[in-house]
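Given next are the chains, with one letter for each unit.
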Amino acid sequence: MKHSKLTLSKDYQIAKVDDRVFGSFIEHLGRAVYGGIYEPGHPAADEHGFRRDVMDLIRQIGVPVVRYPGGNFVSGYNWEDGVGPVEMRPRRLELAWSTTEPNTFGTNEFMQWCKVCGTAPMMAVNLGTRGPDAARNLVEYCNHEKGTCYSDLRRSHGAEAPHNIKLWCLGNEMDGPWQMGHKSAAEYGRVANETAKLMKWVDPSIELVLCGSSNSRMPTFGDWEATTLDLCYDNVDYVSLHQYFDCSDRDTPNFLAKSCDLEQYIRAAACVCDYVQAKHRRKKKIHLSLDEWNVWYHSHGADFEKWSEAPHILEDVYNFEDALVVGLMLITILRCSDRVKIACLAQLVNVIAPIMTETGGRAWAQTIFYPYLHASRYGRGTALQGILTTGKHDTKDFTDVGDVDAVAVRNEETGALTVFAVNRDMEESNLLTLDLKDFDGLRAVEHIRYDGFDRYAVNTANDGSVRPRSEALTAAPDAREFKLNPLSWNVIRFEKGTDK
Ligand code: AHR
């Protein structure tokens, strides 16, 4: 058996974890909306047509913020198509995904869904085919109380009170040639700045996310952030980054090492933000919004009928090793909580998602559902700067990859401490020793283990057996050594004892 050690002190803190890092994403894409969160006529649908079975799963995770309506979709979206009497709304060719958009679900339905579901919106505006005018009108429609054209239009649509949407994205992946209305950094920086200005003039309380790079391998990464931020610094609050990983070569060790790439990408993006801050001599720091992240490759190349409505696209069926990569990405996000203030697992339902449904039928949890649920449930608090000693190995694309990766979060209100750890080794267990320096009176209460499955095992509507198991530690509250099985996701939970 291998050995690792994680040394922790209450005083060695990275940052308070922003709850919004446990966010997710719903795009008008495939069956995310139609047949996913919204399906009037489904036996589990409520009076609004929202699927209660899906909401139950979302509530189990506790998703604080949901990005909407895209994604690539937003770059061709006319928000006006999705409001007002449903029978008057146009059916449109949707060019991002070659489908037909019926527009029976739009801004007010989404806001209603957020309310019922207990989450907050992160709304994206179209900076592909549209610009500042449509964006400022949408902010007026959503956030202005009354007495103007768009606020009264909203009220005439049955939404009397303003939606007060606080968080907005200035377009989506504008650096990508696949994007409708793709722009150069200088073109995008100018239009994003003018849009940001107008949106904040309508509602100064909003926060804005500037589009950064679509992934770490974009040839423009670095320059894109520097150029666009230079043009927008005073009017934006966050820069986005997106990252998906794949294992199409079936090289598991290399796949499990890819979270190292995410960490490097986050740190590099933060450096560029700091460079522009220094150049502008500003006090304000720009933080990061990792507003799309996940594993994505199983559905690549899948066929569907062009211009169909809500087709089965991007419906990745996730296996057990994908869940480990999602766990490793969550560990990375928590460790980078000094800079990553928003993160959205992309996406939430059916489309590269932790939750799957049958249209007209069942809903179930994919393998990746569980690490996401654990992180959201136990990862709120202050991320600690642990000293991790572990063996190292090389993979095809990475050197010095830790055999174990781990992070700890302390909840200051309850005194609870949670350690999240992945053992990347495919064969050997790893004994993790926790040196809890100044944590007096902590009781080990639970070791949640997600391990022992074939790495290609999946959950289906009929079989949800790829799930974690809980081991109560009530009989061993002083335990500080924990065996991490090969290929495992582990959540080790401590609570404050009553004796001290
Ligand atoms: O999440 C799927 C797609 O991935 C989004 O529409 C786009 O922003 C990204 O390329």
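Rules and cut-offs
- Residues numbered from 1 in each chain as written.
- Predicted model: local features only at pLDDT ≥ 70, side-chain atom pairs only at ≥ 80, totals over all residues.
- Heavy atoms only, no water.
- Pairing = 2+ DSSP bridges.
- Helix = DSSP H or I, 4+ residues; strand = E, 2+ residues; numbered from the N terminus.
- Axes fitted to C-alpha atoms, helices over the stretch in contact; angles between N-to-C directions.
- Contact = heavy atoms within 4.5 Å.
- Domains from an automatic or database assignment.
- Buried area = accessible area lost by both parts, 1.4 Å probe.
- Salt bridge = Lys/Arg side-chain N within 4 Å of Asp/Glu carboxyl O.
- Disulfide = S-S within 2.5 Å.
- Phe/Tyr/Trp six-rings, centres within 6.5 Å; stacked < 30°, edge-to-face > 60°.
- Lys NZ or Arg CZ within 6 Å of the ring centre and 35° of its normal.
- Buried < 20%, exposed > 50% of the residue type's maximum accessible area, 1.4 Å probe, protein only.
- Near = heavy atom within 4 Å.
- Polar contact = N/O pair within 3.5 Å; in protein donor to acceptor, adjacent residues only side chain to side chain.
- Areas by Shrake-Rupley, 256 points an atom, 1.4 Å probe, with all protein chains shown as cover.
- 1 Å grid on protein atoms, 1.4 Å probe; cavity = no way out; pocket = protein on both sides within 12 Å on 5 of 7 lines; lining within 4 Å.
- Sits in = over half its atoms within 2 Å of the grid points.
- Nonpolar A, V, L, I, M, F, W, Y, C, P; charged D, E, K, R; others polar.
- Expected span 1.5 Å × (residues − 1).
- Core = buried A, V, L, I, M, F, W, Y, C linked by side-chain atoms within 4.5 Å.

Participant: Explain the sheet that holds strand β8 (residues 167-170) to me, using residue names and the numbers behind them.
Facilitator: Within the closed barrel, the eight strands sit side by side as β3-β4-β7-β8-β9-β10-β11-β12. Their pairing is parallel. Direction aside, neighbouring strands of the sheet carry axes that sit 30° apart on average. Here four bridges tie strand β7 (residues 120-125) to β8, and the two strands are oriented parallel to one another. Looking at the pairing, M122 lines up with L167 of β8. Here helix α5 (residues 185-202) sits on the sheet in contact with β7, β8 and β9 (207-210), set at roughly 155° to β8. Set on the sheet, helix α8 (residues 258-280) makes contact with β10 (238-245), β11 (287-295) and β12 (340-346); between it and β10 the angle comes to about 165°.

Participant: Kindly report on the sheet that holds strand β19 (residues 404-410), identifying the contributing residues and their values.
Facilitator: With antiparallel pairing, the seven strands of this open sheet are ordered in space as β2-β15-β19-β20-β25-β22-β23. Each of the sheet's edge strands pairs with one partner strand only, and the pair in question is β2 (13-16) and β23 (469-472). Ignoring which end each strand starts from, the neighbouring axes of this sheet average 20° apart. Sheet analysis places strand β20 (residues 417-423) next to strand β25 (residues 488-496), joined by seven bridges and oriented antiparallel. By the bridge assignment for β25, F420 is matched with V491. Those strands touched by helix α9 (residues 320-335) are β2, β15 (382-384), β19, β20, β22 (442-450) and β25, and its axis lies near 50° from that of β19.

Participant: Run through the domain arrangement of the protein chain, naming residues and quoting values.
Facilitator: Annotation of the protein chain at the domain level lists domain 1 (2-10 + 384-496) and domain 2 (18-378). Each of domain 1 and domain 2 has a C-alpha centre, and the two are 30 Å apart. The interface is formed by 37 residues belonging to domain 1 together with 35 residues belonging to domain 2. Overall, the association of domain 1 and domain 2 removes approximately 3,200 Å² of surface from exposure, summing both partners, and the carbon and sulfur fraction of that is 66%. Joining domain 1 to domain 2, the criterion identifies two salt bridges.

Participant: Please give an account of the environment of D274 that cites residues and values.
Facilitator: Inspection of the secondary structure puts D274 in helix α8. For D274 and A226, which are 48 residues apart along the polypeptide, the C-alpha to C-alpha distance reads 9.6 Å. When sequence neighbours within four positions are dropped, the list of residues in contact with D274 reads K285 and R339.

Participant: Quick rundown of the state of the cysteines? Include the residues and the values.
Facilitator: For the structure on display, the rule yields zero disulfides. C211 forms no disulfide, and the closest cysteine sulfur to it belongs to C169, at a distance of 7.3 Å.

Participant: Residues and numbers for the packing of aromatic side chains, please.
Facilitator: Counted under the stated rule, the structure contains 21 aromatic pairs. Each ring, one from Y450 and one from F453, has its centre 6.0 Å from the other, and the planes form 75°; the classification is edge-to-face. Each member of the aromatic cluster is reached from another via a ring pair, and the members are Y34, Y38, F50, Y68, F105, F110 and W113. The side chain of R67 reaches across the aromatic face of F25, ending 4.7 Å from its centre. Note that R250 overlies the ring of Y456, its terminal NZ or CZ placed 4.2 Å from the centroid.

Participant: Lay out the side chain of E109 in plain terms, naming residues and giving numbers.
Facilitator: Mapped onto the elements of the fold, E109 is located in helix α2 (residues 107-117). Among the residues examined, E109 registers a relative accessible area of 16% and is labelled buried. Contacts of E109, omitting those with residues within four sequence positions, involve F50, G82, V86, R89 and T104.

Participant: Any details on the site of the ligand? Residues and values, ideally.
Facilitator: Close to the ligand lie F25, E27, G71, N72, W97, N172, E173, Y244, E292, W296, Q347 and I352, which account for all nearby residues. Contact between the ligand and E27: an oxygen atom at 2.6 Å from a side-chain N or O atom of the residue. In the complex, the protein chains occlude 96% of the 280 Å² of accessible area that the ligand would expose alone. With respect to the pocket detection grid, the ligand is positioned in the largest pocket. The residue inventory of the shell around the ligand, partitioned by class, reads five nonpolar, four polar and three charged.

Participant: Go over α8, please, and point to the residues and values.
Facilitator: Relative to the 33 Å expected for 23 residues at 1.5 Å per residue, α8 spans 34 Å between its end C-alpha atoms, a close match to the ideal helical length. Just downstream of α8 lies R281, where phi reads positive at about 50°.

Participant: Tell me what's going on with the pairing of β12, and back it up with residues and numbers.
Facilitator: Most of β12 is tucked away, with seven of its seven residues classed as buried. Strand direction decides the pairing type here: strand β3 (residues 23-25) and β12, joined by three bridges, are parallel. If you follow S24 over to β12, its bridge partner there is L345. With four bridges connecting them, β11 and β12 associate as parallel partners. The residue bridging W293 from the neighbouring strand is L345, located in β12.

Participant: Go over unusual backbone geometry with me, naming the residues and quoting the values.
Facilitator: Here G70 and G71 are connected by a cis peptide whose omega angle stands at 15°. Inspection of the secondary structure assignment puts G71 in the loop between β4 (65-68) and β5 (92-94). For the bond running from A346 to Q347, omega is -5°, close enough to zero to count as cis. Checked against the element boundaries, Q347 lands in the loop between β12 and β13 (355-357).

Participant: Explain the nonpolar core to me, using residue names and the numbers behind them.
Facilitator: F105, W113, W168, L170 and Y188 are the most contacted members of the largest nonpolar core, which totals 136 residues. Counting the residues that make up this core, at least three belong to each of domain 1 (2-10 + 384-496) and domain 2 (18-378). If we skip the residues at most four places from it in the chain, L170 touches V125, L127, Y188, A192, T195, A196, M199, L208, V209, L210, C211 and V236. The next biggest cluster of nonpolar side chains, apart from the first, holds 21 residues, and it includes L6, A406, L417 and L432.

Participant: Describe in detail the pairing of β7, supporting the description with residues and values.
Facilitator: Judged by how many residues are buried, β7 sits mostly within the fold: five of six residues are covered. In terms of strand pairing, β4 meets β7 through four bridges, oriented parallel. Directly across from Y68, in β7, lies its bridge partner M123.

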